[in-house]
Amino acid sequence: MRGLLPLVLVACLALAASACRDSRQASGEPTMTNPKQPARAMPPLTAAERHIIVEKGTEAPFTGTYWNHVEPGVYVCRRCGALLYRSDSKFESECGWPSFDDEVPGAVARRPDADGRRTEILCAACGGHLGHVFTGEHLTAKDVRHCVNSASLVFIPQSRLGRALFAGGCFWGVEHYFGQVPGVLAVTSGYTGGQTDRPTYEQVSTGTTGHAEAVEALFDRDRVTYEALAHLFFEIHDPTQVNRQGPDVGTQYRSAVFTLDEDQKRTAEDLIGRLRAKGYAVATQVEPAGKFWPAEAYHQDYLRKHPGHPICQTRVPRFDAPPR
Ligand SMILES: [Zn+2]
């Protein structure tokens, strides 16, 4: 442990010039995005699923699992687990395939189909074939129909969805780590814990709005627990630093867990207690979650969009390390 800390510190300082303090151009309204992370340990495809997802086949209408499925929840990619659609965008089109009039922003890629007429839709994260998208049918107010093979989707009911909010310095790195966790469906960088509505990056950067750079993780509670995510959180940033993480200084970079219920609060406090028992002077604030404001689009999935960009946060196995 003692040997590792200096290495981490040197690594972080070496990255200071190009870390989260880089100039960040402003852009557009806050937008929820899909993390577009690599595979999340989904089960292997069956031959029938491979025919559709890899070989771009089409299941027969009125035969799939979800063509007439109506239940609150979300639909993720069968191959990689990425969040694709929310149930409130699903509608009955009577075409025999699941139909959606909107996607999770950034989750679905489009390209001309090999037939020269239609537009193919694919999972933006893994390239798996989903189906086709149509416009001009006037079936819903949005006038869009994603015609998706059931075999390309896995439904997760609302009752299994969990949400977690953490602030651990620059949100690019925190988002990166949580996006790698099997069972995490979507990760969004944003701002919370402040006083103003719809804060911009520039406003938060002044340190006067009270917001922290934070990450919202949506997860499948059957595949990963809140405790596992909180455990990870305390190992991917330095919870002993006060109002800073490495080169990023200011209350917007504070360490905080924003809890949504008593169980989350108890879990966070238990983990902090374990770290303190090991000698860590944990500065992490545990406070009730307020409104989470997604950050500007250019902050979302930043490290995947900028390969080779350094990550300041480094994972340190604090819970398994001997007492300090
Ligand atoms: Zn996928």
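Undergrad: Please provide a residue-by-residue account of the overall build of the protein, values included.
TA: In terms of helices and strands, the protein carries seven helices and 17 strands. Across the 324 residues in the protein, those meeting the buried criterion constitute 43%. Of all intrachain contacts in the protein linking residues separated by at least 6 positions in sequence, the fraction that spans at least 24 positions is 74%.

Undergrad: Describe the environment of Val76, naming the residues involved and giving the relevant values.
TA: Considering the arrangement of structural elements, one finds Val76 in strand S1 (residues 73–77). Classification of Val76 as buried rests on a count of 26 C-beta atoms within 10 Å. Setting aside chain neighbours within four positions, we find Val76 in contact with Gly81, Ala82, Leu83, Leu84, Val154, Ile156 and Leu185.

Undergrad: Explain the packing of helix H5 (residues 226–236) against helix H6 (residues 262–277) to me, and be specific about the residues and the numbers.
TA: Running from N to C, H5 and H6 cross one another at 40°; their axes reach a closest spacing of 10 Å. Judged on the interaxial angle alone, H6 and H5 are oblique. Between H5 and H6 the crossing geometry is right-handed. Where H5 abuts H6, its residues Tyr226, Glu227, Ala230, His231 and Phe234 lie against Gln264, Thr267, Ala268, Leu271 and Leu275. Classifying every residue of the contact of H5 with H6 gives six nonpolar, three polar and one charged.

Undergrad: Break down the pairing of strand S7 (residues 129–135) for me, with residues and values.
TA: For S7, a buried count of five out of seven residues is recorded, marking the element as mostly surrounded by other parts of the structure. Across four bridges, strand S6 (residues 119–123) lies against S7 in antiparallel orientation. By the bridge assignment, Thr119 is partnered in S7 with Val133. Joining the antiparallel neighbours S6 and S7 is a turn of five residues, in which Gly127 adopts a positive phi near 80°. Pairing of S7 with strand S8 (residues 144–148) involves five bridges; the strand directions are antiparallel. Residue pairing in the sheet places Thr135 in a bridge with Val144 of S8.

Undergrad: Give me the sheet that holds strand S2 (residues 83–86): which residues, what numbers.
TA: With respect to topology, three strands assemble into an open sheet ordered S2-S1-S9, the strand pairing being antiparallel. On the outer flanks of this sheet lie S2 and strand S9 (153–157), each paired with one strand and no other. With direction set aside, neighbouring strand axes in the sheet form an average angle of 30°.

Undergrad: Describe in detail the pairing of strand S5 (residues 108–112), supporting the description with residues and values.
TA: Looking along a regular strand, one sees the side chains alternate between the two faces of the sheet. Bridge count between S5 and S6: five bridges; the pairing is antiparallel. Bridge pairing links Pro112 to Thr119 in S6. What sits between the antiparallel neighbours S5 and S6 is a turn of six residues, in which Gly116 has the positive phi angle 80°.

Undergrad: So what about the sheet that holds S5? Which residues, and what values?
TA: Ordered by their spatial adjacency, six strands build an open sheet running S3-S4-S8-S7-S6-S5, and the pairing between neighbours is antiparallel. In the strand order of this sheet, the two ends are held by strand S3 (90–91) and S5, each with one partner.

Undergrad: Lay out the nonpolar core in plain terms, naming residues and giving numbers.
TA: Leu83 and Leu84 are the most contacted members of the largest nonpolar core, which totals 68 residues. When residues of this core are assigned to domains, at least three fall in each of domain 1 (4–33 + 159–305) and domain 2 (47–157).

Undergrad: Any details on unusual backbone geometry? Residues and values, ideally.
TA: In this model, Glu94 sits at a positive phi of 65°, which is unusual for a non-glycine residue. The phi torsion at Arg198 lies on the positive side, around 45°, for a residue other than glycine. By the element assignment, Arg198 lies in the loop between strand S11 (184–192) and helix H4 (201–205).

Undergrad: Outline H5, listing residues and values.
TA: Tyr226, Leu229, Leu232, Phe233, Phe234, Glu235 and Ile236 are the residues of H5 that are buried. If you follow the buried residues of H5, they end up packed against strand S10 (161–168), helix H3 (171–179), strand S12 (212–220) and H6.

Undergrad: Explain the environment of Val204 to me, and be specific about the residues and the numbers.
TA: Tracing the sequence through the fold places Val204 in helix H4. A count of 23 C-beta atoms within 10 Å places Val204 in the buried class. For the pair formed by Val204 and Gln252, sequence separation is 48 residues and the distance between their alpha carbons is 6.7 Å. Discounting residues that sit within four places of it in the chain, Val204 has contacts with Tyr191, Pro199, Thr209, His211, Glu213 and Gln252.

Undergrad: Pulling in residues and values, what's your account of the confidence of the model for the protein?
TA: For the protein, mean pLDDT is 87; residues scoring 70 or higher make up 88% of the total. Confidence over residues 1–19 falls short of pLDDT 50; this stretch has 24 contacts with residues more than four positions distant or in other chains. Counted against residues more than four places away or in other chains, residues 21–39, with its pLDDT under 50, gives 55 contacts.

Undergrad: Outline the environment of Phe292, listing residues and values.
TA: Topologically, Phe292 is positioned in the loop between strand S16 (285–288) and strand S17 (293–294). Taking the C-alpha atoms as reference, Phe292 lies 6.7 Å from Gly190; in sequence the two are 102 residues apart. Residues in contact with Phe292, not counting those within four places in the same chain, are Leu165, Gly190, Thr192, Ala214 and Glu216.

Undergrad: Outline H3, listing residues and values.
TA: In terms of burial, H3 is a largely internal element, nine of the nine residues being buried. Restricting attention to buried positions, one finds in H3 the residues Phe171, Trp172, Gly173, Val174, Glu175, His176, Tyr177, Phe178 and Gly179.

What counts as what
- Residues numbered from 1 in each chain as written.
- Predicted model: local features only at pLDDT ≥ 70, side-chain atom pairs only at ≥ 80, totals over all residues.
- Helix = DSSP H or I, 4+ residues; strand = E, 2+ residues; numbered from the N terminus.
- Buried ≥ 20, exposed ≤ 12 C-beta atoms within 10 Å, placed from the backbone.
- Contact = placed C-beta atoms within 7 Å.
- Axes fitted to C-alpha atoms, helices over the stretch in contact; angles between N-to-C directions.
- Parallel < 35°, antiparallel > 145°, perpendicular 65-115°, else oblique.
- Left-handed = near helix turned anticlockwise from the far one by under 90°.
- Nonpolar A, V, L, I, M, F, W, Y, C, P; charged D, E, K, R; others polar.
- Pairing = 2+ DSSP bridges.
- Core = buried A, V, L, I, M, F, W, Y, C linked by C-beta atoms within 7 Å.
- Domains from an automatic or database assignment.
- pLDDT = per-residue confidence, 0-100.

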